[in-house]
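Fold and contact review
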Amino acid sequence: MVTRRIFIAGTLISMLAAGSAGAQEAVKIGLILPMTGPFASTGRQVEAGVRAYMALHGDTVAGKKIELVLHDDAGTADQTRRIAQELVVNDGVSMLAGFGLTPLAMAVAPVLNQAKVPAIITSATTSAIMKQSDYFVRTSMGGPQSALPVASWAVENGLKRVVTLVTDYGPGHDIEKGFTDQFKKEGGEIVEAVRVPLQNPDFAPFLQRVRDAKPDAVFVFVPSGVGSLFMKQFADRGLKEAGIKLIATGDVTDDDLLNAIGEPAVGIVTGHFYSANHDSPENKAFVGEVRKANDNMRPNFMSVGGYDAMHLAYAALEKTGGDTDGTKLIEAMKGMEWMSPRGPITIDPATRDIVQDIYIREVKQVDGELYNVELKTYEKIRDPNAN
């Protein structure tokens, strides 16, 4: 009986030790997204992309199980910072990812600098974010990346006099400057620069200013999710009928909203790093998985940012052999190259920012749906503000 008790006790100790070792093998990634509030569509898309990657590539890397810890910051910077602290201190995450808006990413920089934990930005685009912490790395874009090729394409296609219309906050300022600098460099003229308030925008009076200026085109940036309202008011003001061409960043014709925008979107030319219509095996697999797992939801550029964040996390863990030291992980991420559903991408080793192709696209009908159809590729575009 004594021998049997010793055996049982020994077995229990072994089981507990094995359980403890198993727990240590898990790598936790904290995902901080706006799942509620006005930017909930961003959170929904990023989460779909993250889970699509895990569905297609498994939940184990370098012998360790990947565990997602998702928290909703409702798009509020104070909550983002608090959640990041809790994830690092209480949950023991090895990496953070997400950050749907610039202020949310900025808010976590002090946490990263103190804890030395990498944070992969899936959405926020302001150039200045990357300089706030050596532990930031980005799989979305630097805002001006999409604007530069649009400026070049406009001049190439005879659009010499342009009004810029952007939302009045960090990304809008970056994009306005990127477009303006490139457009002027190539011989274009900026007739007027218009900025629209971020909160509760009413585009009508600003669009009237554009119409009165009689440019060849208006170049537009509005945040993802606001495109439908902008397009409705653009149509109502009759700018197309006045001969003013709309050119924009891809946020305006967001894949997630494009079919809801409808006929007014047809013919709009935009520059961006991703279209759900991109023709590659990687994208077909990605789109298929997101649609299957999310009631036929079409993935957008936010979603592919989440997908590539997970690729980067997995690849870094492979390179470190499963070592979760934050400095080693961020070093492993520098210089990474892979074929994304969007096309070829690289993480610049000097800036930790993404280098990627930007596509000029036109909204067209494809099999009864509206898509951003790629017309031209501008290769290996960097954020001009990154250095």
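Residues numbered from 1 in each chain as written. Predicted model: local features only at pLDDT ≥ 70, side-chain atom pairs only at ≥ 80, totals over all residues. Heavy atoms only, no water.

By the element assignment, valine 88 lies in helix H3 (residues 77–89). A relative accessible area of 18% means that valine 88 is categorised as buried. Apart from the residues within four sequence positions on either side, valine 88 is in contact with Val93, Leu96, Val111, Ala115 and Val117. (Helix = DSSP H or I, 4+ residues; strand = E, 2+ residues; numbered from the N terminus. Buried < 20%, exposed > 50% of the residue type's maximum accessible area, 1.4 Å probe, protein only. Contact = heavy atoms within 4.5 Å.)

All right, on to the packing of aromatic side chains then. Taken as a whole, this structure holds 10 aromatic pairs when the rule is applied. Summarising the aromatic geometry, the rings of tyrosine 53 and tyrosine 307 are spaced 5.0 Å apart at their centres and angled 75° between planes, so their arrangement reads as edge-to-face. Here tyrosine 53 is found in helix H2 (residues 40–57), whereas its partner tyrosine 307 is found in helix H11 (residues 301–320), with 254 residues between them in sequence. Exposure class is identical for tyrosine 53 and tyrosine 307. Each is buried. (Phe/Tyr/Trp six-rings, centres within 6.5 Å; stacked < 30°, edge-to-face > 60°.)

What follows concerns the nonpolar core. Counting 94 residues, the largest nonpolar core has Ile66, Leu96, Phe136, Phe179, Ile247 and Met310 as its most contacted members. Counting residues per element, this core draws most heavily on H11, which supplies 12 residues. Those residues in contact with leucine 96 that sit more than four places away from it in its chain are Gly30, Ile32, Ala84, Leu87, Val88, Leu112, Val117, Pro118, Ala119 and Ile120. Leu165, Val218, Val226 and Phe230 belong to the second largest nonpolar core, which has 26 residues in total. (Core = buried A, V, L, I, M, F, W, Y, C linked by side-chain atoms within 4.5 Å.)

Attention now moves to H3. Between its first and last C-alpha atoms H3 spans 18 Å; for 13 residues at 1.5 Å apiece the expected length is 18 Å, and the two agree. Listed as buried for H3 are Thr80, Ile83, Ala84, Leu87 and Val88. Burial along H3 is one-sided: seen end-on, the buried residues are contained in an arc of 130°. Seen from the buried face of H3, the exposed residues on the opposite side, beyond 90 degrees, are Asp78 and Val89. (Expected span 1.5 Å × (residues − 1). Arc of directions from axis to C-beta.)

What follows is about the side chain of glutamine 45. Along the chain, glutamine 45 turns up in helix H2. The class for glutamine 45 is buried, based on a relative accessible area of 0%. For glutamine 45, the residues in contact, after removing those within four places along its chain, are Asp256, Met297, Arg298, Pro299, Asn300, Met302 and Ser303.

Attention now goes to unusual backbone geometry. Leave glycine aside and you will find that most residues have negative phi; peptide bonds, for their part, are mostly trans. Although it is not a glycine, aspartate 295 sits at a positive phi angle of roughly 50°. Positive phi, normally seen in glycine, also occurs at aspartate 367, with a value near 50°. Taking relative accessible area as the criterion, aspartate 367 reaches 79% and is therefore assigned exposed.

What follows deals with the side chain of asparagine 372. By secondary structure assignment, the location of asparagine 372 is in strand S15 (residues 369–381). Separated by 3.5 Å, the side chains of asparagine 372 and arginine 361 make a polar contact. Setting aside residues no more than four positions away along its own chain, asparagine 372 makes contact with Thr253, Asp255, Leu258, Thr270, Ser275, Asn277, Arg361, Glu362 and Val363. (Polar contact = N/O pair within 3.5 Å; in protein donor to acceptor, adjacent residues only side chain to side chain.)

Across 10 bridges, the pairing between strand S14 (residues 354–366) and S15 is antiparallel. Following the sheet pairing, glutamine 356 is matched in S15 by isoleucine 381. Between S14 and S15, which pair antiparallel and follow one another directly, the connecting turn spans 2 residues, one of which, aspartate 367, has a positive phi of 50°. (Pairing = 2+ DSSP bridges.)

On to the pattern of salt bridges. As enumerated under the stated definition, the model contains 21 salt bridges in all. For the salt bridge of arginine 51 with glutamate 47, the shortest nitrogen-to-oxygen distance reads 2.8 Å. A residue pair is termed a helical-turn pair when its members lie 3 or 4 positions apart in one helix, as arginine 51 and glutamate 47 do in helix H2 at 4 residues. When its relative accessible area of 41% is taken as the criterion, arginine 51 is described as partly exposed. (Salt bridge = Lys/Arg side-chain N within 4 Å of Asp/Glu carboxyl O.)

Per-residue confidence for the protein averages 92 on the pLDDT scale, and 94% of its residues sit at or above 70. Contacts of residues 1–24 to residues separated by more than four positions or lying in other chains number 0 contacts, the stretch itself having pLDDT below 50. (pLDDT = per-residue confidence, 0-100.)

Right, let's get into the pairing of strand S1 (residues 27–33). The buried fraction of S1 is high, at 6 of 7 residues. Inspection of the sheet shows S1 paired to strand S3 (residues 64–72) by 7 bridges, in the parallel sense. Note on S3: the bridge partner recorded for isoleucine 29 is leucine 68. As defined by bridge partners, S1 adjoins strand S4 (residues 95–98) across 4 bridges and the pair is classed as parallel. Residue leucine 31 lies in a different strand from S4, and its bridge partner there is alanine 97.

Taking 1.5 Å of rise per residue, the 14 residues of helix H4 (residues 102–115) would be expected to cover 20 Å, and the 21 Å separating its terminal C-alpha atoms lies within 8% of that figure. Its maximal kink placed at alanine 109, H4 deviates by approximately 30°, while the proline proline 110 follows within four residues. By the burial criterion, the buried members of H4 are Thr102, Leu104, Ala105, Ala107, Val108, Ala109, Val111 and Leu112. Turning to H4, the residues buried within the fold contact H3, S4, strand S5 (119–121), strand S6 (136–138) and helix H6 (170–185). Among the residues trailing H4, lysine 116 stands out with phi positive, at a value near 60°. (Bend = angle between axes of the 7 residues up to and from the residue.)

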